[in-house]
Amino acid sequence: MTATEAPTTGHVGQVRLRKEDARLVTGRATWTDNITPAGCLYMMVVRSPMAHATVTGVDVSVATDAPGVVAAYTGADLADAWQTSLPSVWQVTPDVKEPPHYPLTQDKVRFVGDGVAVVLATSRQAAVDAAELVDVTYDPLPAVTDVAQALKDEVLVHDDEGTNRCYSYHWDSGNVDEVFEQADVVVERRLINQRLIPTAIEPRAVVAQPEPTGGYTVFSATQIPHILRIQLAIVCGVPEHQLRVVAPDVGGGFGSKLNIYAEEALALALAQKLGQPIKWTETRSEGYQATIHGRDHIQDLAIAATSDGRIVGFKADIKADLGAYLQLVTTGTPMLGAFMYPAIYKLEAHDLTITGVFTTKTPTDAYRGAGRPEATFAIERMVDELAAELGMDPMEVRRKSWIAHEEFPYDTITGLTYDSGNYEAATDKAMALFGYDELRREQQQRRDDGDTTQLGIGISTFTEMCGLAPSRALGSLNYRAGGWEHATIRMLPTGKIQVITGTSPHGQGHVTSWSQIAADALGLPYEDVEVLHGDTAISHKGMDTYGSRSLAIGGYAVHEAAQKVIAKAKRFAAHLLEASEDDIEFADGTFSVRGSPDAAKTIQDIALAVFAAHDYPEDMEPALDAEATIDPENFSFPHGTHLCAAEVDTETGRVTIRRYVAVDDVGKVINPQIVEGQVHGGIAQGVGQALYEEAVYDADGNLTTGSLLDYHVPSAADLPAFETDRTETPATSNPLGVKGVGEAGTIASTPAVVNAVVDALRPMGVTDVRMPTSPQHVWEAIEAAQGGAA
Amino acid sequence: MIPASFEYVRAGTIEEAVAALREHGDEAKLLAGGHSLLPLMKLRLATPEVLVDIGRVDAMKGVCETDDGRLAIGSMTTHQDVMDDPLVREHCGVLAEVTAMVGDAQVRHRGTLGGALAHGDAASDLPAAILALDGTFTVEGPDGRREIAARDFFVDYLTTALQDDEVVVEVRVPKLDGDWGWRYEKFSRVSQAWAIVGALGLVKRTNGTIEEARVGLTHMGAVPVRASAVEDALAGNGPDAIADAAQHAADGTDAPSDLNATSAFRQHLARVLTRRALEAAAG
Amino acid sequence: MTNVQITVDGTTYEDEVEPRLLLVQYLRDVLGKTGTNIGCDTSNCGACTVHLDGRSVKSCTVLAVQADGATVDTIEGLASTDGAGGDGDATAGWHPLQRAFHTEHGLQCGYCTPGMIMAAADLLRENPDPSEEEVRHGLEGNLCRCTGYVNIVKAVRTAAAELRGEEVGA
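Residues numbered from 1 in each chain as written. Chains lettered and ligands numbered in written order. Predicted model: local features only at pLDDT ≥ 70, side-chain atom pairs only at ≥ 80, totals over all residues. Heavy atoms only, no water.

Undergrad: Hey, could you go over empty space enclosed by the protein for me, with residue numbers and the actual values?
TA: All names here are of chain A. For the structure on display, the rule yields eight cavities of 30 Å³ or more. By volume, the largest cavity is sized at about 690 Å³. What lines the largest cavity is a set of 47 residues, and nearest its centre among them are Q508, T545, Y546, S548 and G742. Every element with two or more residues in the lining of the largest cavity is listed here: α15 (510–522), α16 (550–576) and α18 (672–692). (1 Å grid on protein atoms, 1.4 Å probe; cavity = no way out; pocket = protein on both sides within 12 Å on 5 of 7 lines; lining within 4 Å. Points joined across faces, edges and corners; volume = space filled by probe spheres on them. Helix = DSSP H or I, 4+ residues; strand = E, 2+ residues; numbered from the N terminus.)

Undergrad: Tell me what's going on with unusual backbone geometry, and back it up with residues and numbers.
TA: Backbone torsion omega between F408 of chain A and P409 of chain A reads -5°, so that peptide bond is classified as cis. Here P409 of chain A lies in the loop between α11 (394–401) and β16 (410–411). For the bond running from M771 of chain A to P772 of chain A, omega is -10°, close enough to zero to count as cis. One non-glycine residue, N478 of chain A, lies in positive phi territory at about 60°. Note that N478 of chain A resides in the loop between α14 (471–476) and β19 (485–491). Of the residues examined, N478 of chain A reaches a relative accessible area of 38% and is grouped as partly exposed. Located in the positive-phi region is R44 of chain B, a residue other than glycine, with phi close to 60°. (Buried < 20%, exposed > 50% of the residue type's maximum accessible area, 1.4 Å probe, protein only.)

Undergrad: Please give an account of the domain arrangement of chain B that cites residues and values.
TA: Residues and elements named next belong to chain B. Along its sequence, chain B is carved into domain 1 (7–53), domain 2 (60–174) and domain 3 (180–282). Summarising the inter-unit geometry, the C-alpha centres of domain 2 and domain 3 are found 20 Å apart. Taken together, the contact between domain 2 and domain 3 spans 24 residues of the former and 20 residues of the latter. Across the domain 2 to domain 3 interface the summed buried area is about 2000 Å²; carbon plus sulfur atoms make up 64%. When the area that domain 2 buries against domain 3 is broken down by residue, the three leading residues are A122, A123 and A132, summing to 26%. With a closest N to O distance of 2.9 Å, K186 and D125 form a salt bridge. On inspection of domain 2 and its partner domain 3, the count reaches nine residue pairs in polar contact (both at pLDDT 80 or more). When residues of the side of domain 2 that touches domain 3 are traced back to their parent elements, those giving at least two are α5 (93–99), α8 (125–132) and β8 (154–156). (Domains from an automatic or database assignment. Contact = heavy atoms within 4.5 Å. Buried area = accessible area lost by both parts, 1.4 Å probe. Salt bridge = Lys/Arg side-chain N within 4 Å of Asp/Glu carboxyl O. Polar contact = N/O pair within 3.5 Å; in protein donor to acceptor, adjacent residues only side chain to side chain.)

Undergrad: Lay out the interface of chain C and chain A with the relevant residues and their values.
TA: Taken together, the contacts link 50 residues of chain C with 55 residues of chain A. Here chain C meets chain A over a buried area of about 4200 Å², counting both sides, of which 56% is carbon and sulfur. Looking at the side of chain C facing chain A, the largest losses of area belong to H105, Y111 and R145 of chain C, adding up to 19% of the total buried there. Summed over the shared surface of chain C and chain A, the result is four salt bridges. Ionic pairing is found between D129 of chain A and R20 of chain C, a salt bridge with its closest N-O pair at 2.6 Å.

Undergrad: Now, about the domain arrangement of chain A: what can you tell me, with residues and values included?
TA: Residue and element names in this part refer to chain A. Once the domains are mapped, chain A shows domain 1 (32–141 + 203–250 + 257–290), domain 2 (369–467 + 635–785) and domain 3 (484–630). For domain 1 and domain 3, the distance between their C-alpha centres works out to 41 Å. Each partner contributes residues to the interface: domain 1 has 14 residues there, and domain 3 has 15 residues. Of all residues in domain 1, Q223, H226 and R244 give up the largest surface area on contact with domain 3, accounting jointly for 46% of the area buried on that side.

Undergrad: Outline the pairing of strand β6 (residues 136–141) of chain B, supporting the account with residue identities and numerical values.
TA: Residue and element names in this part refer to chain B. Of all six residues in β6, six are buried, a share of seventy percent or more. Of the two faces of β6, both are covered, the one formed by T136, T138 and E140 as well as the one formed by F137, V139 and G141. Examined bridge by bridge, β6 and strand β7 (residues 144–149) share six bridges and lie antiparallel to one another. Directly across from T138, in β7, lies its bridge partner E147. With antiparallel pairing between neighbouring strands as the criterion, β6 and β7 make up a hairpin whose turn holds two residues. Examined bridge by bridge, β6 and strand β10 (residues 167–174) share five bridges and lie antiparallel to one another. Looking at β10, one finds that E140 is bridged to V167. (Pairing = 2+ DSSP bridges.)

Undergrad: Would you mind going over a negative patch on the surface in detail, with residue names and values included?
TA: Residue and element names in this part refer to chain A. Negative charge collects at one region of the surface, where D172, D177, E178 and E181 lie side by side. Take the negative patch: its biggest share by element is three residues, from helix α5 (residues 176–182). Position of E178 relative to the elements: it lies in helix α5. (Patch = residues over 30% accessible without salt bridge, like charges linked within 9 Å, V, L, I, M, F, W, Y side chains within 5 Å. Areas by Shrake-Rupley, 256 points an atom, 1.4 Å probe, with all protein chains shown as cover. Lys, Arg positive; Asp, Glu negative; His and termini not counted. Charge placed at Lys NZ, Arg CZ, Asp CG, Glu CD.)

Undergrad: Outline the sheet that holds strand β3 (residues 50–53) of chain B, listing residues and values.
TA: Residue and element names in this part refer to chain B. Strand order across the open sheet formed by three strands is β1-β3-β2, with parallel pairing between neighbours. Both outer strands of the open sheet, β1 (7–10) and β2 (28–31), are each paired with one neighbouring strand and no more. When the angles between neighbouring strand axes are averaged without regard to direction, this sheet yields 25°. Pairing geometry for β2 and β3, over four bridges, is parallel. (Axes fitted to C-alpha atoms, helices over the stretch in contact; angles between N-to-C directions.)

Below, the structure written as structure tokens:
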């Protein structure tokens, strides 16, 4: 017998086509709005058309009498339904203002879209018609639409708090004053990280139904069925064990479904009150008011460096517009970026102030990246500004200042420990793929020729912290929950398995990736693994999906549960093979006795034997099932180098991305196709911020970008093909060596694109273009730089 | 997302449509492809009590040549059918080209020429094209038919010369005989969005000079406009006159300011886009 | 109420509907054909795209009464079988676009996918061999928030090659 390679299952690291796809490409998915229980009532929320007003009267009597209407309620009618306010989970400072936030307001409306009443009817049509019949009278108050105005406290959003300042947070490390005084160069800028609307293509929806056996089931288009169950139980006073929450197929989230929303609480409370199923589906325009927004930071920044381009210090003074109320992680979203302003650079000093401010706008919360895109945009834009000030190539400045590969693990000035990374490798690969030098030559040629279309090159050498999160770290930050994740593996008698995960995928392909992990760990065929999720009756324990956490924690938990199954199976194998456990080897799904390869049992043999339970060790239960709860030891730090070549039509202000190269290092990968897809989609959303998207309010607090007509989500025709590649520096904080990937593209791409736009225009004297870098904003920047009046 | 209730009347003929409009007066709206009206009704920005569906009136579909040597395009002809029509492509290719830039594929399959024009939206691409072509609207009312020149048809924002009881039956455009060139420079935020500014350059070339130039501008006021100062400056001149002439593209316009562009930026864009459109058209 | 007779995915239905009922709501709420999704209220996102008498349309911008007498094809009728698959092939009977979206990873959450595939199917009928640019432009009326479109464009061109009878992949 010639030497042959050991048969290997080898699913991890390979492309496996998604198990999720079959129902999705054939139109057989179960979205929440597809669920219509018999006798279901349709709920419509009556929303404020005013940004800020005292509510002087709400009359639902006419609506109640309208055809098809079963009931209508005001905020006062439902006041007793709530055991507590809708939750805010992050007490970022001891004196943070946490004003009450109930599903329907009573005293005042605080943003356009604030709910004042609710109508229940037997059809969608009747509910919409009746909502127009609810008579609400308002006594208008001035809108508070920007943070500078809000901080004057002349008009208060929450009168009882006495201020619009929700919190102020300051943190510095190193000798800031000395470092900045002694620096050869200090560059200061004010950058605007504009307000965005996440726009998952599936609008939010919820169905709450009483169960005949008692208790309730809530179906919701949510990223967080487990957290939703706990919080709804608390808010509505339903015993947790009598509340089942199901996240059926969920059509994208990006943070917008990472929340406890008024409508979810209303649906459950009304199902309790009426004993009938309640259904609510938002329209897109309604969602633009009632679903969280993201970003909206004003950033006053300063970067300090030596004359040869070594970055030594960074200061950031952030004003975060939180909107009218605290949603689940509103306070904490800026904080998630707080650690990341120093990014990949070896700073001597760091100074950060965050001021969270209430305004009369839709609440902001975690939108893809949540704090880290803002921080990364700040530092990566400023590094380019510094390079321009020094007359250096922006990549050269980065190379002089970043953490070298051999310096990992690296303790940052903000107290993080970056476990692994190789910025040189990712950058070298990206530069080669991009053809950096050649594009620089073309850029110079166009500048020399005075071409009306200028070429700009933008760099983003980013890292981020994700994989939320070590529970103790969260505790130390007064985050009111942990960051662990759970997995259960059930061994079926025929050797097939069910993996039950606490993560809650909504496009990320966990069913496929978790199958790959479990199949490899247990030596099972990929097809023999079923992954269950998103239903608290099946997955009783989990912390859900957000913050690029699912693989690094949830995938790790699957791996760990599999190790426990193997450990048990090994003891059964030893018993069945009449060998010492120490002599049992496990490979590719087979337990064999060392030195006697014919004495072997497959894991399927053992599964069946354990099921029969005729012969097993005295000190064991006849079961192979195992569960694991993983609390990560560290955050996950993916990184990468993104390069953008953008053409800017200096006459019209139109920006066109000509090339976009991304080399990401997300550690080991489970499924390269899924990873690439995450990077593509992430980049697209970051490009959306850089070029197209902005939620705009007028002075009266009206959302003027109130639908997809005015809020410009890019289509295929508006984006280039992104070229992606990877380097692979394994994480050391988990046995799979994996890092998060969901947010990396979004975090990286925005500064790469804006740096390219500014780079194209720099010879004209432009030093910034406000996002989105729309034709209007580009034109204004050129006019201003050239002394014109735009 | 759900329109307010309305009464639905399906017209089988032009006469039935006119009769229905006459009966219901200003409570009625005509429903063609629905791609201008239904979005407004879904947001309840429009709440007509009666919808008169003229989408099935075959007499208002298709393209033919008229006795006076023009093309008559039925107002219920879909954008896609206009683009694909052999007569349009042969005699008035500019209209096919502008129509191809309206909305997106699905909108073009359903939306109609007459529907888009009668809506009277200055941000819509087709009004400027019909205006530049010196097209006319054949409308039918209780007293029979009349023809309205495009320059008289667009009256104000979302307002046309159409009476409440009149229906646009067809749109007539000239056959472009001779050596015509054209380019529509549509400038929008994202691909499927409405034009921030659109500039249609239409040039008749004779022996290297511009015999006649026409410029239609989209979204430079409450109605589509012709850049007549540019047109006048070019007649009889060579293409090298375009750059200077285009500087007058925004003269006399009343460009709006909105989320996508200030009035000043629109005026600037009109000049740049007009120059580019004319240079391409003359080339 | 108005009587309509509409043939959806090969089956003819007759119903009394309110004139204001949108075609997409007729499909979803009356017929229970929930394969077609709603993603916006301004005719922008294209999630509701179906074929009306053979051409792609946004079914949120068509009244059910306008579709009276018409043929409507949705994502649910695109595959030639239910996909349960002969010979253990779950994709047997799928339309080449459905297969290509699967193999090229042209979907993540999958919510835009039915509309995207129906728009692409009509695009390929009109242009059997579109360039990347033509695919991108041809799908401008359909928004996806997950994929960044890179793999959607690949999938459409892969399906186009298969529909032209060319060898796909290796």
